[in-house]
Amino acid sequence: MRVKAIIHLGYFMENVRAVQKRIGSERRICIPVKADGYGHGALQIAKAGLDAGAFCLAVAGVDEGKELRDGGIKAPVLLLSQPHPEEIPSVIREFLTPLVSDCDFAQALNAEAMAAGIKLPVHLKIDTGMGRMGCRTEDAPGIAGFIANSPALEYAGTATHLAAAESAAKDDIVYTGRQIECFRKALEDIRKQGVDPGIVHAANSGAVLLHPEAWFDMVRPGILLYGYKQVNEEETAQGISNDPLNVKPVMELQTCVVFIKKVKKGESLSYGRTWTAVNDTTAAILSIGYADGLPRLASGKWQAVIRGKTYPLVGRICMDMCIADLGPETEVRRWDDAVIFGGCAQGASALAESAGTVHYEVICNVNKRVPRIYDVSSR
Ligand SMILES: *Cc1c(COP(=O)(O)O)cnc(C)c1O
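A. The packing of helix α6 (residues 103–116) against helix α7 (residues 140–148), seen in detail. Between α6 and α7, the shortest axis-to-axis distance is 10 Å and the interhelical angle comes to 5°. It follows from the interaxial angle that α6 and α7 lie roughly parallel. Along its contact with α6, which presents Cys 103, Ala 106 and Gln 107, the element α7 presents Ile 143, Phe 146 and Ile 147. Looking at side-chain class alone, the contact of α6 with α7 contains five nonpolar, one polar and no charged residues.

B. Geometry of the packing of aromatic side chains. In total, this model carries four aromatic pairs according to the counting rule given. Note on Tyr 38 and Tyr 360: the rings are 6.2 Å apart at their centroids and 35° apart in plane angle, and the pair reads as tilted. Remark: Tyr 360 occurs in helix α11 (residues 359–364) and Tyr 38 occurs in helix α2 (residues 34–38); sequence separation between them is 322 residues. Each member of the aromatic cluster is reached from another via a ring pair, and the members are Phe 12, Tyr 38, Tyr 226 and Tyr 360.

C. Examining the site of the ligand more closely. Lining the immediate surroundings of the ligand are 13 residues, of which Lys 34, Tyr 38, Ser 205, Gly 222 and Tyr 360 lie closest. Arg 220 is positioned with one of its side-chain polar atoms (N or O) 2.8 Å from a nitrogen atom of the ligand. Tyr 360 places a side-chain nitrogen or oxygen 2.6 Å from an oxygen atom of the ligand. For the ligand, the accessible surface in isolation is 390 Å², of which the surrounding protein chains cover 91%. Residue classes in the shell around the ligand are distributed as six nonpolar, four polar and three charged.

D. Local environment of the nonpolar core. Counting 105 residues, the largest nonpolar core has Ile 31, Leu 124, Leu 286 and Phe 341 as the members making the most contacts within it. For this core, the leading source of residues is helix α1 (residues 9–23), giving six residues. Shared between two domains, this core holds at least three residues of each, these being domain 1 (9–226) and domain 2 (251–375). Apart from the residues within four sequence positions on either side, Ile 31 is in contact with Phe 12, Val 16, Ile 45, Gly 49, Ala 54, Cys 56, Leu 57, Ala 58, Leu 225 and Tyr 226. Counting residues in hydrophobic clusters, the runner-up holds nine residues, among them Ala 283, Ile 285, Val 314 and Ile 323.

E. Expanded view of the pattern of salt bridges. For the structure shown, the criterion picks out twelve salt bridges. Of the charged contacts in the structure, one is a salt bridge between Asp 70 and Lys 66, with a shortest N-O distance of 2.8 Å. Taken together, the positions of Asp 70 and Lys 66, both in helix α4 (residues 62–70) and four residues apart, correspond to about one turn of that helix. Lys 309 serves as the salt-bridge partner of Glu 331, at 3.1 Å between the closest nitrogen and oxygen.

F. Structural context of the domain arrangement of the protein. Segmentation of the protein into domains returns domain 1 (9–226) and domain 2 (251–375). Here the C-alpha centre of domain 2 lies 38 Å away from the C-alpha centre of domain 1. Where domain 1 abuts domain 2, roughly 860 Å² becomes buried across the two surfaces, and 65% of that area is made up of carbon and sulfur atoms. When the buried area of domain 1 at its contact with domain 2 is split by residue, Gly 39, His 40 and Ile 223 rank highest and sum to 53% of it. Linking domain 1 with domain 2 are zero salt bridges.

Thresholds, definitions, all that
Residues numbered from 1 in each chain as written. Predicted model: local features only at pLDDT ≥ 70, side-chain atom pairs only at ≥ 80, totals over all residues. Heavy atoms only, no water. Axes fitted to C-alpha atoms, helices over the stretch in contact; angles between N-to-C directions. Helix = DSSP H or I, 4+ residues; strand = E, 2+ residues; numbered from the N terminus. Parallel < 35°, antiparallel > 145°, perpendicular 65-115°, else oblique. Contact = heavy atoms within 4.5 Å. Nonpolar A, V, L, I, M, F, W, Y, C, P; charged D, E, K, R; others polar. Phe/Tyr/Trp six-rings, centres within 6.5 Å; stacked < 30°, edge-to-face > 60°. Near = heavy atom within 4 Å. Polar contact = N/O pair within 3.5 Å; in protein donor to acceptor, adjacent residues only side chain to side chain. Areas by Shrake-Rupley, 256 points an atom, 1.4 Å probe, with all protein chains shown as cover. Core = buried A, V, L, I, M, F, W, Y, C linked by side-chain atoms within 4.5 Å. Buried < 20%, exposed > 50% of the residue type's maximum accessible area, 1.4 Å probe, protein only. Domains from an automatic or database assignment. Salt bridge = Lys/Arg side-chain N within 4 Å of Asp/Glu carboxyl O. Buried area = accessible area lost by both parts, 1.4 Å probe.

Have a look at this one:
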């Protein structure tokens, strides 16, 4: 194969177990599999994650939920983003668990669930400082009461989302603490009126690492389960444990050397002639470009690992190809594998940094034309 994304499902399962160990067996894990499982393949990730002990899944769109149901997933599937009113019948049909931020939406869901003759579980979403979806904290008890009194709805849970949980900066730690405090207060107000808030959840990856007070009944770490730690919890004042949580990148992006050629001193390579050989050298043409998901902004700032050695990528990254400088003498042969990130190479976060973005975007942007090859050896 000219290019492939090897998905190490065994690593994913180990990451799930490591998080479970960190949060304790009494708490549950919800696996965000939105954006096709952060580019890894939602269904395969969902199955592996549930096998490793996760409780439920979360998607952004209704179609993403349908894909899981079509694939045979029976576990609860949280719908994190607000669906369009047209999609409500599909929410009911696929038995997704929507996050509800207002009474209008709750009412529409209740009507449709009633017509279908089912009781639909929903979670209340409270905005405690993310400023995105979610009701204002002071409105939470009212909406909670409304849901609890809707005959075709089951008030199954209460959630919030943290805006800066992965940051170890002092003011961000304070901000997160305040968000958690607001959330606790809203939960208390909900309980005060005799409504059970159900499964309470708030923690994304950053909070799993840095904010145990945000773990509640369930955590929703995405990037952490896919193998990326944004923060080093031992290096922060918040350090939770001296038993660091080790995770491994699940995706390994691999291409191969499709051509090798001599390059003479003074010759330039690729579009825009941004790179010129200062000495005679050898170039390897690699079959991966920005259309596959290797960011063009990483041109001249990234490298590939071939036969265990690291070679700089030189010149502009093209749509379907890029070029590695092998030096004058080389053991590299045509058709050798070349690892771009993961596996024996650095992870996607370093690549993301070179391209001025975040690892989330790099892994999500691995194009669908790149086949996902599932490594089940360690499952
Ligand atoms: C995506 C998402 C998560 C997971 O975030 P990570 O930073 O990947 O851990 C959790 N909760 C909500 C609501 C999300 O949208």
